[in-house]
Amino acid sequence: MTDVRDIIACAETDINTAVIALLNRHRINVHFLSYYGDYAGSLLTSATSTSGETVLAQAQLAKNTAASLEIAHSIVDSCAFNVRRVIDRKLLTRPYSVLQNTLRTAESAAHMMGAEGTFRRSAWEVLDTKLPDWLQLGGRSRRPPKNAGNAFISYVNGITYARVLTALRLTPLHTGIAFLHSSIERQRHSLVLDISEMFKPLFAERLLLRMVSRNQLKEHHFDRDANQAMLSDPGRKLVVQATRDEFAFTIAHRSLGRPVAYDELLYLDALALTRRCLEGTPYKPFRIWW
Amino acid sequence: MITAQDVGGVHIKYLYHCRRQLWLYLRGIRPESLNASVQLGEAVHDTSYNRNSPVDLGAARLDFLDGRHWVHEVKSSARPTEADEAQGRHYCHRLRNLGIDVKGAVLHYPKTRRIFRYPYTPEGAELAEADIAEVLTVASSSASPDRLSNSRCRGCSFTDYCWTE
């Protein structure tokens with residue numbers, strides 16, 4: 001029981017005080033996904049890992065324009081690096097170098113996010129060439145997703161967001177103070193948006209391509225109508241299982257010298273950011289190295 | 001940040017093991033609960049000598065004090081270290097300051113079934129004072145101390161923090 005750190009509720013859930021007390025005692029967060037699979041909210045245990053000094057350092061860093069732009073830059077760069085690595089190295093070489101050039105001269109986080117959007121659009125187009133007709137995205141759409149491909153990406157992104165939130169709650173960082181996304185403006189945890197950038201391609205795009213090439217995804221895994229799509233019950237079961245197995249997959253970590261689960265990579269990246277805040281060591285966001 | 005009164009057994013132990021660990025601990029980085037060997041230590045603590053109740057001195061919390069005024073500490077490691085000895089010495093020092101005539105520290109290693117006795121001496125008292133001063137020096141430094149060599153970090157709950165890229 002103590003090894004369980006979070007539960008993601010993918011279906012309608014009723015919860016009562018006794019359960020909440022039990023979960024809190026074992027420090028287990030519960031994240032709820034909505035009907036369409038996007039993140040609906042969380043039941044979080046009390047924040048016992050927080051450290052005043054770290055949060056102050058984090059806030060100072062976020063206030064410091066040069067420092068926070070540097071972090072935002074490395075996040076966007078690593079995200080694009082991972083997208084290119086997962087989708088197609090050759091076809092995305094040019095969009096990636098264009099992005100890098102824009103990042104070098106970008107003067108604000110919004111500018112960087114715009115450049116990332118442009119890169120992402122090229123990446124979605126390349127992704128479509130590798131998908132069967134019925135799964136093609138035809139541009140990214142959210143809330144609700146327009147078609148099956150988008151429904152898949154949204155669902156896995158929702159799970160990734162939830163797991164990043166769990167990972168961040170284990171570190172002393174404040175989930176509301178971000179570097180790329182705007183801090184505490186929206187109801188969401190902005191820092192979770194920052195950190196999940198690098199991990200979305202590792203899970204969403206990569207799993208989509210793999211499941212397509214293995215011919216695992218079928219039309220009956222999606223409920224579709226003219227303008228929106230979502231995973232059907234068997235589809236959701238398949239995708240949730242595949243994502244869960246992926247999070248548990250382990251690789252040899254280079255500097256820690258031990259096997260590390262993908263799930264732990266989220267936590268380790270958050271720790272690297274903690275170190276950037278508290279000690280000023282350079283922060284190199286997660287890049288797929290294998 | 002902290003005063004001499006707040007220095008507890010964990011601070012002394014970390015001071016001897018790794019100054020960086022102490023510096024981070026003082027700044028609220030506490031990954032211990034995620035660490036398997038810390039969980040083991042807690043389990044050893046919970047299941048060993050549970051007829052005796054712990055003594056809470058505020059900052060320090062020792063396992064138990066026997067009728068002849070020896071401080072007892074139960075360790076989950078196999079071998080005694082300088083850090084363990086310093087921790088026992090610190091508890092003796094704390095109790096002496098409270099007016100208890102402590103004889104010394106007894107360290108128990110249930111894993112290897114060894115028991116070590118360290119009588120409390122005037123030299124020990126000086127060392128204990130020096131350790132407290134040293135903890136305060138580390139606490140007030142603004143830069144973090146360097147990491148130990150990778151091999152000496154084995155088993156430390158801060159490894160993930162210090163060694164991730």
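Residues numbered from 1 in each chain as written. Chains lettered and ligands numbered in written order. Predicted model: local features only at pLDDT ≥ 70, side-chain atom pairs only at ≥ 80, totals over all residues. Heavy atoms only, no water.

As recorded by an unreviewed UniProt entry, chain B carries the name CRISPR-associated protein Cas4 and is attributed to Streptomyces halobius.

The subject of this paragraph is the overall build of chain A. Helix and strand counts for chain A stand at nine helices and seven strands. Computed over its C-alpha atoms, the radius of gyration of chain A comes to 19 Å, within 12% of the 19 Å expected for a compact globule of 290 residues. In terms of principal-axis extent, the alpha carbons of chain A reach across some 55 × 50 × 40 Å. Residue burial in chain A is summarised as follows: out of 290 residues, 54% are buried. A sequence separation of at least 24 residues applies to 62% of the contacts in chain A between residues at least 6 apart. If the 36 positive side-chain charges of chain A are averaged to one point and the 28 negative ones to another, these points end up 4 Å apart. (Helix = DSSP H or I, 4+ residues; strand = E, 2+ residues; numbered from the N terminus. Rg over C-alpha atoms; globule rule 2.2 N^0.38 Å. Buried < 20%, exposed > 50% of the residue type's maximum accessible area, 1.4 Å probe, protein only. Contact = heavy atoms within 4.5 Å. Lys, Arg positive; Asp, Glu negative; His and termini not counted. Charge placed at Lys NZ, Arg CZ, Asp CG, Glu CD.)

Note: α-helices contain 3.6 residues per turn, so residues at a spacing of three or four share the same orientation. Considered for burial, the residues of helix α1 (residues 9-17) of chain B that qualify are Gly9(B), His11(B), Ile12(B), Tyr14(B) and Leu15(B). Those residues of α1(B) hidden inside the fold are in contact with α2 (19-26), α4 (82-97) and α5 (122-140) of chain B.

It is worth spelling out the packing of α1(B) against α2(B) at this point. In a pair of packed helices, the angle between the axes and the distance between the axes together describe the arrangement. Residue and element names in this part refer to chain B. With their axes 6 Å apart at the nearest point, α1 and α2 run at an angle of 145 degrees to one another. Residues Val10, His11, Tyr14, Leu15 and His17 of α1 form the contact with α2, whose participating residues are Arg19, Gln21, Leu22, Tyr25 and Leu26. Residue composition of the contact of α1 with α2, by class: six nonpolar, three polar and one charged. (Axes fitted to C-alpha atoms, helices over the stretch in contact; angles between N-to-C directions. Nonpolar A, V, L, I, M, F, W, Y, C, P; charged D, E, K, R; others polar.)

What follows covers a nonpolar patch on the surface. A grouping of Ile15(A), Val19(A) and Ile20(A) is seen on the molecular surface, where their side chains present a nonpolar patch of about 200 Å² in accessible area. Its place among the elements puts Ile20(A) in helix α1 (residues 17-25). (Patch = residues over 30% accessible without salt bridge, like charges linked within 9 Å, V, L, I, M, F, W, Y side chains within 5 Å. Areas by Shrake-Rupley, 256 points an atom, 1.4 Å probe, with all protein chains shown as cover. Salt bridge = Lys/Arg side-chain N within 4 Å of Asp/Glu carboxyl O.)

The next thing to look at is the packing of helix α5 (residues 109-129) of chain A against helix α7 (residues 190-213) of chain A. All names here are of chain A. Direction vectors running N to C along α5 and α7 enclose 15 degrees, while the axes themselves pass 13 Å from each other. In terms of axis orientation, α5 runs roughly parallel to α7. The handedness of the crossing between α5 and α7 comes out as right-handed. Contacts between α5 and α7 involve Glu116, Arg120, Trp124 and Leu127 from the first element and Glu197, Lys200, Pro201, Glu205, Leu208 and Leu209 from the second. Taken together, the residues of the contact of α5 with α7 break down into five nonpolar, no polar and five charged. (Parallel < 35°, antiparallel > 145°, perpendicular 65-115°, else oblique. Left-handed = near helix turned anticlockwise from the far one by under 90°.)

A few words on the side chain of Arg89(B). Residue and element names in this part refer to chain B. You can see Arg89 is positioned in helix α4. A polar contact of 3.0 Å, which involves the side chain of Arg89, links it to the side chain of Asp131. Setting aside chain neighbours within four positions, we find Arg89 in contact with Tyr16, Tyr120, Gly124, Leu127, Ala128 and Asp131. (Polar contact = N/O pair within 3.5 Å; in protein donor to acceptor, adjacent residues only side chain to side chain.)

Taken together, the contact between chain B and chain A spans 18 residues of the former and 23 residues of the latter. It is Leu34(B), Tyr161(B) and Glu165(B) that lose the most area in chain B upon contact with chain A, and together they represent 39% of the buried surface on that side. For the salt bridge of Glu53(A) with Arg27(B), the shortest nitrogen-to-oxygen distance reads 3.4 Å. Of all elements in the fold, only α2 and α6 (159-163) of chain B reach the threshold of two or more residues within the side of chain B that touches chain A. The element best represented in the side of chain B that touches chain A is α6(B), accounting for five residues. Broken down by class, the residue content of the side of chain B that touches chain A amounts to nine nonpolar, five polar and four charged. (Buried area = accessible area lost by both parts, 1.4 Å probe.)

Here the focus is the pairing of strand β6 (residues 114-119) of chain B. All names here are of chain B. Judged by how many residues are buried, β6 sits mostly at the surface: zero of six residues are covered. Pairing geometry for strand β5 (residues 104-109) and β6, over six bridges, is antiparallel. Bridge pairing in β6 links Leu107 to Phe116. (Pairing = 2+ DSSP bridges.)

Another aspect to go through is the nonpolar core. Counting 109 residues, the largest nonpolar core has Phe152(A), Phe199(A), Leu208(A), Leu217(A) and Phe222(A) as the members making the most contacts within it. Discounting residues that sit within four places of it in the chain, Leu217(A) has contacts with Trp134(A), Leu135(A), Phe152(A), Leu208(A), Met211(A), Val212(A), Phe222(A) and Leu238(A). Core analysis: the next-biggest nonpolar cluster, separate from the first, contains nine residues, Leu62(B), Tyr91(B), Tyr120(B) and Ala125(B) among them. (Core = buried A, V, L, I, M, F, W, Y, C linked by side-chain atoms within 4.5 Å.)

A word on the sheet that holds strand β4 (residues 70-74) of chain B. Residue and element names in this part refer to chain B. Read across the open sheet, the four strands follow the order β3-β4-β5-β6; overall the sheet is mixed. Both outer strands of the open sheet, β3 (64-65) and β6, are each paired with one neighbouring strand and no more. Where β3 and β4 come together, two bridges link them in antiparallel fashion. In the sheet register, Phe64 faces β4, and the bridge partner there is His72. Across the sheet, α4 touches β3, β4, β5 and β6, and the angle it forms with β5 is around 140 degrees.

In this section: the packing of aromatic side chains. Remark: the centre distance and the inter-plane angle together describe each pair of aromatic rings, the angle taken between the planes. Within this structure, the stated rule accounts for 14 aromatic pairs over all chains. Chaining the aromatic ring pairs together yields one cluster made of Phe199(A), Phe203(A), Phe247(A), Phe249(A), Tyr262(A), Phe286(A), Trp289(A) and Trp290(A). A cation over a ring is seen here: Arg287(A) above Phe81(A), with NZ or CZ 4.5 Å from the ring centre. Positioned above the aromatic ring of Tyr25(B), the side-chain terminus of Arg30(B) is 3.8 Å from the ring centre. (Phe/Tyr/Trp six-rings, centres within 6.5 Å; stacked < 30°, edge-to-face > 60°. Lys NZ or Arg CZ within 6 Å of the ring centre and 35° of its normal.)

By the definition in use, this model includes 18 salt bridges over all chains. The shortest N-O distance in the salt bridge between Glu246(A) and Arg210(A) comes to 3.0 Å. Placement of Glu246(A) in helix α8 (residues 233-248) and of Arg210(A) in helix α7 is noted, with a sequence separation of 36 residues between them. Classification of Glu246(A) as buried rests on a relative accessible area of 6%. Measuring nitrogen to oxygen at the nearest pair gives 3.7 Å for the salt bridge that ties Lys75(B) to Glu73(B). Take Lys75(B) and Glu73(B): they sit in the same class, and that class is buried. By sharing partners, the salt bridges in this structure join Asp6(A), Arg163(A) and Asp263(A) into a single network.

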